[in-house]
Every structure is written in structure tokens, then in C-alpha cells.
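# Close look at the chain arrangement
This is what each chain is made of:
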Amino acid sequence: MVGGLVLSQAQTHHTAAPRTAAPAPAQALEKRPRDQAQPCGTAAAAVSVRSLDEVRKAHARHIKLGLDRSPRHARPLLAACALSGWPGGMELAASIFESLVEPEAFDYNTLMRGHVGGGREPAAALRMYVDMLEAGVRPDSYTFPFALKACAQLAALQEGRQAHIVKLGFQHDEHVQNSLISFYGKCVEPAMARLAFDRVEAEERTAASWSALLAAYTKAGLWGECLESFGAMVLDGWRPDESSTVSALSACAHLGAFDVGRSLHCALLRNTARLNTIMQTSLVDMYAKCGSIEKAAAVFDAMDDKNAWTYSAMLSGLALHGDGRKALQVFDAMVRERHAPDAATYVGVLNACSRAGLLEDGLRCFDRMRLEHNVAPNAQYYGCMVDLMARAGRLDDARALIGSMSTGPTDTAWRSLLNACRIHGDLDLAERALQELRRLGAANAGDYVIVADMHARAKDWAAAAQLRTEAVDWGLAQSPGVSAVEVRGELHRFVSQDRSHPRTSDIYEMLHQMEWQLRFDGYKPDTSEVALDVGEEEKRRVVAAHSQKLAMAFGLLSTAEGAPVRIVTNLRMSKECHAYSALISEIFGREIVIRDRNRLHRFRRGVCSCRDYW
């Protein structure tokens, strides 16, 4: 139901109208196909109108000459108003349209395109579609892309499914097929997008078809499927366009697929004369999230046309790496270059200060945001400030800030405080934070696990078991811990105690050799964070085959001598794994890069980039 209309109720059996071209801006109307003759007289002058006042004058002349009711003559003025983006343009376009005697599909398309442009009035575009059917005007292949775009903007999944595409015989039209894939993707229905894509005959697929599918996977966060489809696209002989390449780079960034991302960069340099700002910003984001902040900085520094998104990508990358000082320098350069900091910018710089322990600098940035740039703090900013204070050990100040938030206390703020309570061992405040998350209805399995583990470390096994049982009773399932390592462009995933990999015996033999060498340096497994009421030997067995260690062993086995080992995990780095990774980097002479769920750790010669502050 959109705007009080159900699309399936509209009439669909109409006489065919001539197929028309897609509406174009007023300046390009002279390029319309020959079967749509150019208007003459005063109408022709409308092609070059430069303002709404000029359109009004030309329309007045039409009325005097009696041409205002003819679609052929009024069409340039209609397009000029609907597609220009002028304030009041759509209102005048609607007035011109209403005066037409028998508007054609082209005229309906023009108004629909104007309504969906910039997401202005998608519901009005759908009403135009229904009016078109009820008026007996048959849609053409350019109608459905606008109707589906309106449905996507409204997240109107059912209405999009009722758009009569098959009934009117447009299921094999290239523009309609691609719009349908895009529609399902924007409605976060990747399986339906894939189904629509698979229904397109292989010889009829275009670069736009693949791009729409990749965008659908990106929107849904299905990064592996996105990269797999990108590879299939290339094998199918298509040269990736900007949209598909940006989707692939985004997938590399989220998966930590450095080798694939670097290959994409090389391909771009070979095939593109000059990378635009969107491409370069995507490369900055990819390199930073894949653990190479130096390459991200090199791309960033070489850019001629930086914008707010570019600065935000660099600031977020520096925050991920915990380089607060460099982030502050980039932020100052952004302000000097007269780029207005936005929400993403301040989130990046405040996170960078938090992860580097720069409390005073973060407080100054928070004041600067409000007083100098007139950016009102929202829930996300307060979450950053709570995290900043709490990580620095000022738990009481962080708790007071939550109570004074103009937005009201949020789950993000309480969760930041809860995470800091784990770091600083404040069980009482952690219990209070969990209680507030419960009250907000926002507590998840991870929140219960944090407090349960804190009780377990205090040897209060009954309280720990009670919390875990409560989480299960509420139906809160914790995602399994997974660590992935990239080897020759392929990601290999491991869970704790994993024995499913084809090279399991080699991996566990390597794990044994790693621990054997570490023991010569005095390494003893730290089992203090194992929240299990079992014996010490069992705890050591659990720690020894942690998913991160399995991924590290396979990486050492499968990569060239001296090459970095890159791991991505959905877990927070434990103290035991941190100490273990530092020793491995020193003994094996390897750089170990691990991106956990909060930040990135780079171990070189026994030292981590986080400086043991995480």
C-alpha cells in the first residue's frame, strides 16, 4: 500500500501506446529519436530555458497560441520543470501535465522521473504509475525503472512485485531486468536479486546487470558472494564499471582480502587513465581496513580532489589503526582546506582519540564540534565520548555523561561503558550497564557473555552460569568466533578447535612447533580469560587451538618467507592471543596483522601498533 493505492488494483488491459524514449533533461531534448518530432514555434525555444521564470513565460505563450494542451508542444517545458531540480519545478510540471489532452507514456515517465530524482516524492511517482494504467496508457520499458526505483526508495517490496512486468510482457527487456535486480537489492532481498539475475539469459546480461547484483550483495553485507560474483563477471568477459569495482573494493575491505584488493588496484591503473574521487576513496578505505595504512596514506596523499568522504575514510582508517596523532593532523588539514566536517568525520576523529588514549584531545574535538562547527551532538557522538572516557579509566565521568545526554541514554553508550568495565575490571558497574541495556530492550548475547566472563574470572561460577542461561532463555544466540586468513587471494576460515580444513594435520603440527619454540622464550599460556569451570590442562587445550592461532599457523605454513600474515576475526583480541602474536612476530620474523571486531593490531618484531592499549 503506497499513498492509499494498491498497484494490483489498477487496470492493466489497455491499448498499446507508441514506445517512447526515456525522458532527458531539457538541454538534451534535441537528441530525442526521430519518431518524436521536435516542437516548433515558441515550444522550441523552451529547449534552452535557464530558469523557472523563463518556463512560465514560454508556457504563457503556449496558452495564448492554444498549444498548452498538446503533449508534442508542451513536452519540452514539462521536462525542463520536472528534471531541472528547480524549487517549485515539480509543481509547475504537474500543472503543465494536467492541461494535456491525451498525455502519453513519455509524459508520465517524465513526471515519475522527476518525483524519484533525489528521492523527492517516490509515493507521488507510484501514484503517477497507477494513474497511467487507469487512464489506459500502456507503460513502456522506461516506465518500470522509475516505478521500481520509487518502490525501492519506499522499501515497498510488495508493491514492486505487483508492477505488472510479466503481465505486460517486459520481463525480457534489458532496462526492466536490471531495474528489477537493483530494486530487490535496495530492498535488502539478495536472494530475490540473484533469482532475477539468473532469469536473465546469459547472452542478454550486461555490465549493468552484474553491477546491480554486486550492489545487492553489498547492501546485504554478503561480501563473499560479492567477490565471487565479481570474479564470475570478469571470467564472463565483462570489464568492471565504476559501480561494480567500488562494490568489489568494499567487499575486500570488509573481508580483509588485501591481495584481491591490490590486484583490483593494479587493474584500475592499467585500464583507467585517471581514477576519480570515488574510486580513490574506496582504495583508501580498502587498504586501511586490510591493514596497510601506508598504502592508504599514499593513495590519499596523491589525490588532487579530496572531499569530505575521502577525509572521513582516512580518519576512520587511522582510528582503526589507533593512530590518533596522525588523525588529528588529517583533521586539521581538512579544516584548512575548507571542507566542512560532517558526522562521519567527527566519529572518525573521536574514535581515533579513544583508541589512542588521547583524552584531552578528544574532549577538545568534542567542544570544537559543538562550538566552532555548530554540529549538534547525537547518540553516536556521545557513544564515542563515553568510550573515550571509559577506556581512559574515567568510568564515573563516563557514567555521568550518559546521564546528561541530550538524546537520552542509548544502548551504544551503555555498551561502550560495559566494554570498558571489562577492561578495568569494574564488575558492579558492568552489572549496572547490563541492567540498563535490558531495560532498553537492547541487550544481546555478547553483553551477557562479557558480564558472565567477569563473574567467571572472579570464580563466581553460579552467577556466570545464571547469566548464560538467561541469555539462552531470551533466545539470544552468540555468533561463533571465526578467524580468517588470506592466502593467495583466497580466505580460509577457522573456528576454535577446528579440524575441518584439508590440511588439518599440517596445521596442528605447525601449531605444536610454534608453541615449542615459544616455550624457549619463557612463554606460558595465560588461561585467566578462559571462562570455564574446568581444570588447568583443559583450559590450556582450549587456548592452544584458538581460531586466531589456527589461522596464524596456516598463514605461516602457506605464505612466502617474510611475507605478512593477515587475519580477520569477529572476536575481540584477548590478552593471551595478543602476547602470543607478539612473540610469533619476533621469533618467525613476520609481520602479523590481525583485525579484530574493534580495531587493528600490527605486530612487528614483538611490538604491537596498539602499544598494548586496546
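The rules behind these values
- Residues numbered from 1 in each chain as written.
- Predicted model: local features only at pLDDT ≥ 70, side-chain atom pairs only at ≥ 80, totals over all residues.
- Heavy atoms only, no water.
- 1 Å grid on protein atoms, 1.4 Å probe; cavity = no way out; pocket = protein on both sides within 12 Å on 5 of 7 lines; lining within 4 Å.
- Points joined across faces, edges and corners; volume = space filled by probe spheres on them.
- Helix = DSSP H or I, 4+ residues; strand = E, 2+ residues; numbered from the N terminus.
- Phe/Tyr/Trp six-rings, centres within 6.5 Å; stacked < 30°, edge-to-face > 60°.
- Buried < 20%, exposed > 50% of the residue type's maximum accessible area, 1.4 Å probe, protein only.
- Lys NZ or Arg CZ within 6 Å of the ring centre and 35° of its normal.
- Contact = heavy atoms within 4.5 Å.
- Expected span 1.5 Å × (residues − 1).
- pLDDT = per-residue confidence, 0-100.
- Nonpolar A, V, L, I, M, F, W, Y, C, P; charged D, E, K, R; others polar.
- Domains from an automatic or database assignment.
- UniProt positions renumbered as here; feature names shortened; annotations may be inferred.
- Arc of directions from axis to C-beta.

## Description of empty space enclosed by the protein
A probe matching the size of a water molecule, rolled over the atoms, marks out where space remains unfilled. Following the criterion strictly, the structure yields one cavity of 30 Å³ or more and no others. Reported here for the largest cavity is a volume of approximately 40 Å³. In this structure, the largest cavity is lined by Gly-256, Lys-289, Cys-290, Gly-291, Arg-566, Ile-567, Val-568, Val-593, Arg-595 and Leu-600. Broken down by secondary-structure element, the contributors of at least two residues to the lining of the largest cavity are β3 (565-569) and β4 (592-595).

## Focus: the packing of aromatic side chains
Tallied over the full model, the rule gives 11 aromatic pairs. Relative to Tyr-311, the ring of Phe-300 lies with its centre 5.4 Å away and its plane at 80 degrees, an arrangement referred to as edge-to-face. Taken together, the residues span a long stretch of sequence, with Phe-300 in helix α16 (residues 293-302) and Tyr-311 in helix α17 (residues 308-321) at a distance of 11 residues. With respect to burial, Phe-300 and Tyr-311 carry one shared label: buried. Between Arg-499 and the ring centre of Tyr-508, over which it is positioned, the NZ or CZ distance is 3.9 Å. Here Arg-566 stacks its cationic end above the ring of Phe-258, 3.9 Å away from the centre of that ring.

## A short note on the environment of Lys-186
Tracing the chain through its elements places Lys-186 in helix α9 (residues 174-186). The class of Lys-186 is partly exposed, set by a relative accessible area of 46%. Each C-alpha atom, one on Lys-186 and one on Leu-154, is 9.9 Å from the other, the two residues being 32 residues apart in sequence. In this structure Lys-186 touches Ala-152 and Lys-219, once residues within four positions along its chain are discounted.

## What about the environment of Gln-162?
Relative to the assigned elements, Gln-162 resides in the loop between α8 (157-161) and α9. Looking at Gln-162, the relative accessible area reads 25%, which means it is partly exposed. For the pair Gln-162 and Cys-187, spaced 25 residues apart in the sequence, the C-alpha separation amounts to 15 Å.

## Quick word on helix α12 (residues 223-235)
Helix length check: α12, at 13 residues, gives a terminal C-alpha distance of 19 Å against a target of 18 Å (1.5 Å per residue), a fit within 8%. Each element contacted by the buried residues of α12 is listed here: α10 (190-198), α11 (207-220), α13 (242-255) and α14 (258-271). In the stretch just after α12, Gly-237 is the one whose phi turns positive, near 95 degrees.

## Some details on the confidence of the model for the protein
Of all residues in the protein, 90% attain a pLDDT of 70 or more, and the chain-wide mean is 86. Confidence over residues 1-47 falls short of pLDDT 50; this stretch has 93 contacts with residues more than four positions distant or in other chains.

## Observations concerning the layout of surface pockets
Of the voids in this model, the second largest pocket is the one considered here, and its volume is about 430 Å³. Lining the second largest pocket are 19 residues, with Asp-285, Lys-289, Ala-313, Ser-316 and Gly-317 positioned closest to its centre. Those elements that provide at least two residues to the lining of the second largest pocket are α15 (277-289), α17 and α19 (343-356). Considering every element that reaches the lining of the second largest pocket, the biggest residue donor is α17, with seven residues. Counted by class, the lining of the second largest pocket contains six nonpolar, seven polar and six charged residues.

## Describing the domain arrangement of the protein
On domain assignment, one finds that the protein holds domain 1 (377-478) and domain 2 (482-608). Taking only C-alpha atoms, the centre of domain 1 and the centre of domain 2 are 28 Å apart.

## Topic: the UniProt feature "repeat: PPR" (unreviewed entry) in the protein
Those residues carrying the UniProt feature "repeat: PPR" (unreviewed entry) are residues 104-139, 206-240, 307-341 and 342-376 in this numbering. As annotated, residues 307-341 comprises 77% helix and 0% strand, and the C-alpha atoms at either end are separated by 10 Å.

## Considering the side chain of Ser-179
Its place among the elements puts Ser-179 in helix α9. On the accessibility criterion, Ser-179 (14% relative accessible area) is buried. Sequence-distant contacts of Ser-179, that is, excluding residues within four places in its chain, are made with Pro-145 and Leu-148.

## Quick look at helix α20 (residues 359-371)
Its 13 residues place the ends of α20 18 Å apart at the C-alpha level, agreeing with the 18 Å of an ideal helix rising 1.5 Å per residue. Among all positions of α20, only Leu-359, Asp-361, Gly-362, Cys-365, Phe-366 and Met-369 are buried. Summarising the axial view, the buried residues of α20 lie within an arc of 165 degrees, below the 170-degree limit, and thus occupy one face. Relative to its buried face, α20 has exposed residues pointing more than 90 degrees away, namely Arg-364 and Leu-371. Residues of α20 that are buried sit in contact with α18 (324-336), α19 and α21 (379-391).

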